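Breakdown of the fold
Chain by chain, the residues:
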Amino acid sequence: MPDLPSSHILFGGDYNPEQWPETVWKEDMLLMREAGVNLVSIGIFSWAKLQSAPGVFHFEWMDRLMDLLAENGIWADLATATASPPAWLTCRHPEMLPTLQNGTRLSIGSRQHYNPSSRAYREACAELVRALALRYKDHPALAMWHINNEYACHVPADYGDETAAAFREWLRDRHGSLEKLNESWGTAFWSQHYHEWEEVLPPRATPTFANPGQCLDFQRFCSDALLECCLIEARILREITPSKPITTNFMEWFKPLDYRKWAQCLDFTCLDIYPQPTGPVQTPVKSFDMTRSWSDGKPWVIMEQVTTHVNWRQRNPTKPPGLMRLWSYQAIAHGADGICYFQWRQARAGAEKFHGSMVGHGEPSSQRCYQETKALGNELKGLGRIAGTTFHAEAAIFFDQENWWALEQGSKPNNDLTYVRGVENFHNALHALSIGTDFVFEDSDLSKYKLLFVPCLYMAKPGVAEKIGAFVEAGGTAVITYFSGIVDGNDHIHLGGYPAPFRSLLGLSVEEWAVPQDDLPFKVSVTRQPGLAASYNASFWAEVIRSEGAETMATFSEGYYAGLPAVTRHAFGKGCAWYLGTEFEQAFYDDLLKVLARDTGLTPPLAVPAGVEVTRRTGAGKEFLFLLNQRNEAQSIDLNGLSGTEILTGRQIACSLELAPWGVAIIETAVGSESIE
Amino acid sequence: MPDLPSSHILFGGDYNPEQWPETVWKEDMLLMREAGVNLVSIGIFSWAKLQSAPGVFHFEWMDRLMDLLAENGIWADLATATASPPAWLTCRHPEMLPTLQNGTRLSIGSRQHYNPSSRAYREACAELVRALALRYKDHPALAMWHINNEYACHVPADYGDETAAAFREWLRDRHGSLEKLNESWGTAFWSQHYHEWEEVLPPRATPTFANPGQCLDFQRFCSDALLECCLIEARILREITPSKPITTNFMEWFKPLDYRKWAQCLDFTCLDIYPQPTGPVQTPVKSFDMTRSWSDGKPWVIMEQVTTHVNWRQRNPTKPPGLMRLWSYQAIAHGADGICYFQWRQARAGAEKFHGSMVGHGEPSSQRCYQETKALGNELKGLGRIAGTTFHAEAAIFFDQENWWALEQGSKPNNDLTYVRGVENFHNALHALSIGTDFVFEDSDLSKYKLLFVPCLYMAKPGVAEKIGAFVEAGGTAVITYFSGIVDGNDHIHLGGYPAPFRSLLGLSVEEWAVPQDDLPFKVSVTRQPGLAASYNASFWAEVIRSEGAETMATFSEGYYAGLPAVTRHAFGKGCAWYLGTEFEQAFYDDLLKVLARDTGLTPPLAVPAGVEVTRRTGAGKEFLFLLNQRNEAQSIDLNGLSGTEILTGRQIACSLELAPWGVAIIETAVGSESIE
Amino acid sequence: MPDLPSSHILFGGDYNPEQWPETVWKEDMLLMREAGVNLVSIGIFSWAKLQSAPGVFHFEWMDRLMDLLAENGIWADLATATASPPAWLTCRHPEMLPTLQNGTRLSIGSRQHYNPSSRAYREACAELVRALALRYKDHPALAMWHINNEYACHVPADYGDETAAAFREWLRDRHGSLEKLNESWGTAFWSQHYHEWEEVLPPRATPTFANPGQCLDFQRFCSDALLECCLIEARILREITPSKPITTNFMEWFKPLDYRKWAQCLDFTCLDIYPQPTGPVQTPVKSFDMTRSWSDGKPWVIMEQVTTHVNWRQRNPTKPPGLMRLWSYQAIAHGADGICYFQWRQARAGAEKFHGSMVGHGEPSSQRCYQETKALGNELKGLGRIAGTTFHAEAAIFFDQENWWALEQGSKPNNDLTYVRGVENFHNALHALSIGTDFVFEDSDLSKYKLLFVPCLYMAKPGVAEKIGAFVEAGGTAVITYFSGIVDGNDHIHLGGYPAPFRSLLGLSVEEWAVPQDDLPFKVSVTRQPGLAASYNASFWAEVIRSEGAETMATFSEGYYAGLPAVTRHAFGKGCAWYLGTEFEQAFYDDLLKVLARDTGLTPPLAVPAGVEVTRRTGAGKEFLFLLNQRNEAQSIDLNGLSGTEILTGRQIACSLELAPWGVAIIETAVGSESIE
């Protein structure tokens, strides 16, 4: 079997044959081959079938399954099966069940009912994983390891006594001494000083606002505690099967886990993604960009999406015909090398029997879900040479998971403020203009970017302001928005006038915040108009800004701060830094981006009509231009001199190209061909 | 004293004299006799007054009360007093207090604070009931037994350890083996396989969706656990007073208890009914029809209603003058032989002191509640010959309590779907046309009906589809609606294409569901118009339907399934079966019913104007036609040749009849008199 | 140092220097003196810094702080530091943590995590308070004692076992015997009779409505339990420092605590007040009047307000420039002799770091908060002679904390009914007309008032109706509103026709209530028009009223009670009593007040334009007239012959006076000068 993932676009899904008689397995193999499936994730929820007591394993059925896959040329993404502990285990160790903040202990009967810090859980996982790895280490079907499943999706935190002990250990490592912990948590406030380590607890239910330092450290600890669970498994797997790649499936912009840190510990990054397909449609593109960015641009895989509809929202509309194909190609256009689904065959019992699948409850031949699956799977067989190429980006958005945690902890001036909205404002504008965009982190190399957006970076940890300052000084353009640079990594105020670490970069200070009680818009007047309108609606937040060198680009029109700056620009070194002191309507971000793209020379790979996205992947001397029609109506693209092969149809194209409703085209050219530069 | 309930319309209420000094009892007797009261329910909340320790009873006050009733010719509906355990008992057995899903144990101080599976509770009930029955078995006032009170109204389920053990016993009985339980619950999903019985638990709080099979069985168990409590009492009573009828009070369409099953265990069926009287007025008629149907049409009793207003809603509007009388007669018109109230005398303390009553806090002579009570009570004295006659129905609506449980368990395509709404659509239309309607169940005889409605029968248990098919084959007309026939009794999908068990009957298959995100209406166009409009608004649900022989009667106008069938009709045997693949506005159901009534020859007993209902009761050679004006304005009825005696006024009527606002008339004729056929 | 509070307006704030290095303390002293600060509250959250184990105290830092204050001429309001127990204490005594109604035990990490009935907590408080008092009893900075902090703001009740025992003791004291408790609680209802004291519990989570008598007594107990905590400290302080005044900070109209009772136990009354400053602005005036009234008109102190914005609402708008000054003077205008803030220096860590302060995170010289603080502090230095004078009121509103508890317990005819709204209707009208208004209580002397409002006095305890009757009989005018006089102090109905204790005073009876389902307005027609409009909108409540001598002033226009009285007036002795049987729009209350003011000869101290308030304080032969512009626009006042000195500017004024937006003027004249009578 070939290496992974190069030279193939992976295609397949979660496969749970233990729910079906083995006669159905045979039919599955035929259908998978017909549909172009080359990878299935197995064993994800098989613990209770694989083990019935400590040391008592039942691998026979899995042996037969692995053999069957190998016979049919299908790779196994073999799960470690630790996501849902069996009843025999929780019965023996009730202390491993999760404890909520209010002391309620959760029970069995769904999934993920374990405390990540439980010693019993961790030891049982290790025993199972070692047995699995030893059993299948040389099996020809084994392609990769799928550790656990969607860590933290239901139980992001445990508050019990075993967690308390583990939290104290983690705190000792982080802070070194109790005195430093007291300083970091600001325990001089509200008489919270700790005199002994044993007094320290997780942030259980309290009469009112809990200590922010304690809460922030607990969020860090919770992410790390699950990462340690993952690494316990990974170390065993790497010892036994050092050549097999290891992953676990991430869930979009997921607040509880610091995926940037996690991604460094995995061999490649996977995404489970379920955008809302109707009503307010949620574009998946920002998650595609984020997933790629977690691993610094390396190819990644959609591990789960659905053909039609999910079952876990209050209402579960279905993707209309064509939308699943569009989004699949859009993932590839943003750097994915694999498209998988939850799940292969729709369950006939259990809590997910109304979750869509590749093969539904009826006859495959008469099901849209299977027909669309099969069509896409066969199309992807011809795209193997895209695998391993690199997505092209020159703009970046700064993202910091710990800022997300700190910003939304409550007791802020405006507690409706969400980090995601601040980030989306810019990503929406960049996506609409087809400007390739990475997310960057505090440890990222910024030198390849021309334009950097820094939304609501409330928590500016040591070195971050300096890093952004250096980027601007070297000629970059940065846009920083309101309520940035307020606290340090311990959630202590940067004293000396907001936003202290950014004051010299931005050439201003912020005297105070003026939060409106309601969501009514107010006007901001543009005073200098480099491509902007005369005024924009803003809402939600306002700052009383005093220029200390910055140019005023726009001013507030209302309130006791009317006439003071709302938007500023400040030359700094070879670059410049903008500051936005309020929350604008989307049109402002769109217009501002056009101004900035013009000023920094950023252009999309091809000028395309509204609703069409164009992206570029390059590698090994080849270049692939993806054209994606995000509207349910045909659109015509002027190729503007570009020519090449449209590889889905195999046709040579020139002059112009028609995209069907939700249609896709992929044009292959040699790298650097002048047609597209 | 005479037998019950024949030859009298029962009239009375809950009577709690233990809250008052005995001097008030004397006044009560005078007022009761003045008001025509012939039955009071006593002892419902008297446990703490009747017993102060194990084996220590205090019956003297109850002796005096029973004697007083007998002296005044008032029957006692003697309660078993087990609805609210006394503090001395829960103090001795704290384990009998109910445990919620999250582990919270409820406390004393309100009522119904017992775990139905508690051995201590059950034994204490048995002791009390035996003592009561032995004490009063020969008392002349004793007319019937009122077991407990409104079972499950506050505590439908307990999740504690004693319940866990009882649940396991119940499961052993149901499934026989653990392997069969695993199969039934689909535990291959999410690693939920049980290896030992001791691992099995009630569905306590879980991280996410609990196992649907476990939840469904737990709903069955909870209904059965309380029924067993009821039967423990009933067995003792039947042993000691075999001739006294036994009942307990039901609460309208109440989800936790399978009243159809319960009704088989009682001697007659009672209803507690509290429709909202203003704003969105809730008609009680569907509950009247359901109550009668639980006992296959036998006469039933309103055990509780209120004269004016309740106290337990957020806002408690009062019934305007006349509405209580109308609804009381409407109950009789739908088969009731008794009209009782909660309660006789309004409490002066406690949580229900603002609940309306027959006698209020002030002077009875100046109170509307007492005046209306007295007027009705005296009117009913003359209606004894209606008692025991039978309500006339030729249409039926299929109803299945377990389908209610399964349908609304969550993780469905549209989790806003409620069973009650689906059922009400049809009942509203039938009620508006005065077409007498029964509810029917999986064990009902369908042969007497011409028209059968089967709304949202998601769970089609073994034999049900066959039974409905046989009804159609024999010449009946059935109307089945969307999301029917999806799962079997274990909540496992009927494989082979939806709705598998109904496909041949309906002549179609359903490929998939298309649930809208919002509640905006969409158009459905009628393609064949047997009395229907050109189009109707639909919303909420849509199905992609493929005809396999059915005629398309209407099609969707929007979505990727535009032009495909929304309504179909299929000839089957001597009858025909309709299918509705979406949720319509009420006008569609009204219009469709007119079409179906015409086609099947169903007519109301008399043509009446909108807002007037007409029903028929027959028996012993007599026929009673009830005319009920459901509007607060006078209406004139054309009798269309009918003549007879209006028995409330004693007048002979002919030609026409005037109904006062909310007025009632009852016309008595000989059965089969041509005037009303 | 001078006595307190006479001859000075106190000015200062909470001061938490333990959060800062001592170098900052020096800067604080300079800034405080610059800002006119003469009082700081210290030690409020210092327990963990003052004591590290039983008997182990650390007073050195507090010694240095007290010395520094004394050196700088700043008084210490020394807190007893018991508001937030240290972790070492809760670790030793986990049973002192609070238990919620559902059994959840709260944890440490915020504040106020103690059960008021905990013996361990009370003993630890006593030890700390004794040590503090002995340490600082002779310190020159010590001006007063600040016991605990905002009692009950997060934990108004505990439901654990230690509380259960304490509750039983309290009940024994209140009721004397279990039989009387059973009678008081109406335990004949729902089988709740208690046979042993040990069966009695706090009202923990119950299946449905808990016993109202139990709930009401528990609310009384909870207020008393915390008052006992306060008194344990007060007794120690009074023993050691008998000359130092004692207070604790109250929180506006706060439902859990009976502040009227508490105020009798303190030396003076303090208010913490945080009105919402934008959107729907909350005027603080009704809290100013209430605070003064708790102590029968004695001068009081704002212990906490904020310069700019708080941090604990969902959104936290800031006070625009000038509003804090206006409200500070408005407090003084309503009898305050001190203006303090939370807090002096804004925290840099912890849950309140975004709560506004006198000195913010940046440079004081560039901060609005400090500039406004300093300006006000220096202005107040000249107003010492106002201290100790008395606010002038001739109208009163009856207020009863236990009625608040009883009225809002649930299971009422309309459970949206709130006591505060009923009270505000009248206070709004009185405030708009600048008619000085006290709140009065069941033990108040009513003889000084001409006009008395009695809104929604559901619970009429023994003597209350008689007291109000005597007020009217002696010539007063009373206005009583709907749902008054319904129950006695045990929440038992006053039998005999509503509102039994007020029937003869009002000359009417109420037959029943008619609560609308919705909030749509209905019309009430005025039948006699002494200055009223022809009709008003009403909503929310209606009563079926039968006159028994009262004049009908207005009638309902809708419903089955159309034409019956909605408003009545009844001459009684030398006075008269109005009754309002519904809830009106504000205009009705405003118009009615004008009528009543005219009839009773009540006038404001000066005729002022809308939006301006005028109040009067008198004492020691002086009279101060406060003019307060509550609008953000200048207003001109016609002085109508009045002359005197405007003491903020020192100017003699006559004829007219201009008030700046949110401006204030204080005119000093000799008492009885004809210019203002």
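Here goes a summary of the coordinates provided. This one's a predicted model, so the numbers in the text were calculated from it and none came from an experiment.

**Focus on the overall build of chain A**
What chain A contains, in helices and strands, is 17 helices and 30 strands. Relative to the globule expectation of 26 Å for 677 residues, the C-alpha radius of gyration of chain A, 26 Å, shows essentially globular dimensions. Judged by the C-alpha coordinates and their principal axes, chain A covers about 75 × 75 × 40 Å. When contacts within chain A are restricted to residue pairs at least 6 apart in sequence, those whose partners lie at least 24 apart make up 71%. Accessible surface for chain A amounts to roughly 21,200 Å². Of this, 50% is attributable to carbon and sulfur atoms. Measuring between centres, the 57 positive side-chain charges of chain A sit 3 Å from its 80 negative side-chain charges.

**Brief notes about the sheet that holds strand β7 (residues 246-247) of chain C**
Residues and elements named next belong to chain C. Pairing in this open sheet of nine strands is parallel, and the strands run β7-β6-β5-β2-β1-β11-β10-β9-β8 from one edge to the other. Only two strands of the sheet have a single neighbouring strand rather than two, namely β7 and β8 (249-250). The sheet contacts of helix α12 (residues 368-380) involve β1 (10-15) and β11 (336-341), and relative to β1 the element is tilted by about 140°.

**A few points about the interface of chain B and chain A**
Across the boundary between the two partners, chain B contributes 51 residues, which contact 57 residues of chain A. Summing both partners gives a buried area of about 4,500 Å² for chain B against chain A, and 58% of it is carried by carbon and sulfur. The largest contributions to the chain B side of the interface with chain A come from W190, P207 and Q517 of chain B, which together make up 17% of the buried area. At the junction of chain B and chain A, the tally comes to four salt bridges. The partner of D519 of chain B in a salt bridge is R315 of chain A, and the shortest N-O contact between them spans 2.6 Å.

**Some words on helix α15 (residues 464-473) of chain B**
All names here are of chain B. Every buried residue of α15 is accounted for by V464, A465, I468, G469, F471 and V472. For α15, the angular spread of buried residues about the axis comes to 155°, placing them on one side. Buried residues along α15 sit in contact with β13 (395-398), β15 (451-454), β16 (477-481), α16 (503-506), β22 (565-572) and β23 (575-580). G475 lies just past α15 and shows a positive phi near 120°.

**Description of the interface of chain C and chain B**
Opposite the 51 residues of chain C that make contact, chain B presents 57 residues. Counting the surface lost from both chain C and chain B, the interface buries some 4,500 Å², and carbon and sulfur atoms represent 58% of this. By the criterion of area lost to chain B, the three top residues of chain C are W190, P207 and Q517 of chain C, representing 17% of everything that side buries. Inspection of the region where chain C meets chain B yields four salt bridges. Measuring nitrogen to oxygen at the nearest pair gives 2.8 Å for the salt bridge that ties D491 of chain C to K353 of chain B. There are 27 residue pairs in polar contact (both at pLDDT 80 or more) connecting chain C and chain B. If you list the elements that add at least two residues to the side of chain C that touches chain B, you get α8 (212-240) and β17 (508-513) of chain C. Here the side of chain C that touches chain B takes three residues from β17 of chain C, the largest share from any one element.

**Description of the sheet that holds strand β14 (residues 437-440) of chain B**
Residue and element names in this part refer to chain B. Overall, mixed pairing links the 10 strands, which are arranged β14-β13-β15-β16-β23-β22-β21-β18-β19-β24 in an open sheet. The open sheet has two edge strands with one neighbour each: β14 and β24 (583-584). Where β22 lies against β23, six bridges are found, and the strand directions are antiparallel. Bridged to T568 within β23 is Y579.

**With respect to the nonpolar core**
The tendency in soluble globular proteins is for nonpolar side chains to be buried side by side. Core analysis: the largest hydrophobic core is formed by 185 residues, its most contacted members being I42, Y329, I468, F483 and I666 of chain A. When residues in this core are grouped by element, the largest group, 11 residues, is from helix α8 (residues 212-240) of chain A. Three or more residues apiece are contributed to this core by two domains, here domain 1 (395-600) and domain 2 (612-670) of chain A. Those residues in contact with F483 of chain A that lie beyond four places of it in its chain are L407, K412, P413, L417, C456, L457, Y458, W513, W541, E543 and Y579 of chain A together with F354 of chain C.

**What about the relation of the copies chain C and chain B?**
Between chain C and chain B, which share one sequence, the superposing operator has a rotation angle of 120° and an axial displacement of 0.1 Å; the RMSD is 0.0 Å. Interpreted geometrically, this transformation is the action of a three-fold axis. When each C-alpha of chain C is compared by its distance to the rotation axis, T104 of chain C comes out closest, at 4.9 Å.

**A short note on α8 of chain A**
All names here are of chain A. The terminal C-alpha atoms of α8 lie 42 Å apart, and with 29 residues this matches the ideal 42 Å at 1.5 Å per residue to within 8%. Where burial is concerned, most of α8 is hidden: 24 out of the 29 residues are buried. The distance from a side-chain oxygen at the start of α8 to the backbone nitrogen of G213 is 2.7 Å, and the residue carrying that oxygen is N211.

**A closer look at unusual backbone geometry**
A cis geometry characterises the amide bond from F342 of chain B onward to Q343 of chain B, with omega recorded as -5°. Following the sequence through the fold, Q343 of chain B ends up in the loop between β11 (336-341) and α12 (368-380). Within the chain, S411 of chain A stands out as a residue other than glycine whose phi angle is a positive 55°. The topology assignment puts S411 of chain A in the loop between α13 (401-407) and α14 (419-432). Positive phi, normally seen in glycine, also occurs at S434 of chain B, with a value near 55°. Along the chain, S434 of chain B turns up in the loop between α14 (419-432) and β14.

**Thoughts on the side chain of Q343 of chain A**
On the basis of relative accessible area, Q343 of chain A is assigned to the buried category, the value being 1%. In contact with Q343 of chain A, not counting residues within four places along its chain, are D14, N16, G356, S357 and M358 of chain A.

**Some words on the pattern of salt bridges**
Inspection of the entire model under this criterion finds 126 salt bridges over all chains. A salt bridge links E512 of chain B to R368 of chain A, with the nearest nitrogen and oxygen atoms 2.7 Å apart. Linking E512 of chain B in strand β17 (residues 508-513) with R368 of chain A in helix α12 (residues 368-380), this pair reaches from one chain into another. Residues D217 of chain B and R174 of chain B are paired through a salt bridge, measuring 3.3 Å at the closest nitrogen-oxygen approach. One end of the pair, D217 of chain B, is in helix α8 (residues 212-240); the other, R174 of chain B, is in helix α6 (residues 161-175), and 43 residues separate them in sequence. Residue class for D217 of chain B comes out buried when judged on its relative accessible area of 1%.

**Side note on the packing of helix α6 (residues 161-175) of chain A against helix α7 (residues 178-185) of chain A**
Residues and elements named next belong to chain A. Close contact between α6 and α7 brings their axes to 9 Å; oriented N to C, the two are set at 90°. Put simply, α6 runs roughly perpendicular to α7. Residues F167, L171 and H175 of α6 lie in contact with α7, whose contacting residues are K180, L181, S184 and W185. Here the residues of the contact of α6 with α7 are counted per class, giving four nonpolar, two polar and one charged.

**Examining the environment of V487 of chain A**
Inspection of the secondary structure assignment puts V487 of chain A in the loop between β16 (477-481) and α16 (503-506). For the pair V487 of chain A and A500 of chain A, spaced 13 residues apart in sequence, the C-alpha to C-alpha distance is 9.0 Å. With residues up to four places along the chain from it excluded, the contact list for V487 of chain A reads Y458, M459, A460, H492, I493 and H494 of chain A together with K353 of chain C.

**Comments concerning the pairing of strand β29 (residues 656-659) of chain A**
Residues and elements named next belong to chain A. In β29, alternate side chains face the same way, and those of L657 and L659 are buried while those of S656 and E658 on the opposite face are not. The sheet contact formed by strand β26 (residues 635-638) and β29 spans four bridges and is antiparallel. Opposite Q635, over in β29, you have L659 as the bridge partner.

What counts, and where the lines are drawn
Residues numbered from 1 in each chain as written. Chains lettered and ligands numbered in written order. Predicted model: local features only at pLDDT ≥ 70, side-chain atom pairs only at ≥ 80, totals over all residues. Heavy atoms only, no water. Helix = DSSP H or I, 4+ residues; strand = E, 2+ residues; numbered from the N terminus. Rg over C-alpha atoms; globule rule 2.2 N^0.38 Å. Contact = heavy atoms within 4.5 Å. Areas by Shrake-Rupley, 256 points an atom, 1.4 Å probe, with all protein chains shown as cover. Lys, Arg positive; Asp, Glu negative; His and termini not counted. Charge placed at Lys NZ, Arg CZ, Asp CG, Glu CD. Pairing = 2+ DSSP bridges. Axes fitted to C-alpha atoms, helices over the stretch in contact; angles between N-to-C directions. Buried area = accessible area lost by both parts, 1.4 Å probe. Salt bridge = Lys/Arg side-chain N within 4 Å of Asp/Glu carboxyl O. Buried < 20%, exposed > 50% of the residue type's maximum accessible area, 1.4 Å probe, protein only. Arc of directions from axis to C-beta. Polar contact = N/O pair within 3.5 Å; in protein donor to acceptor, adjacent residues only side chain to side chain. Core = buried A, V, L, I, M, F, W, Y, C linked by side-chain atoms within 4.5 Å. Domains from an automatic or database assignment. Least-squares fit on C-alpha atoms with pLDDT ≥ 70 in both. Expected span 1.5 Å × (residues − 1). Parallel < 35°, antiparallel > 145°, perpendicular 65-115°, else oblique. Nonpolar A, V, L, I, M, F, W, Y, C, P; charged D, E, K, R; others polar.

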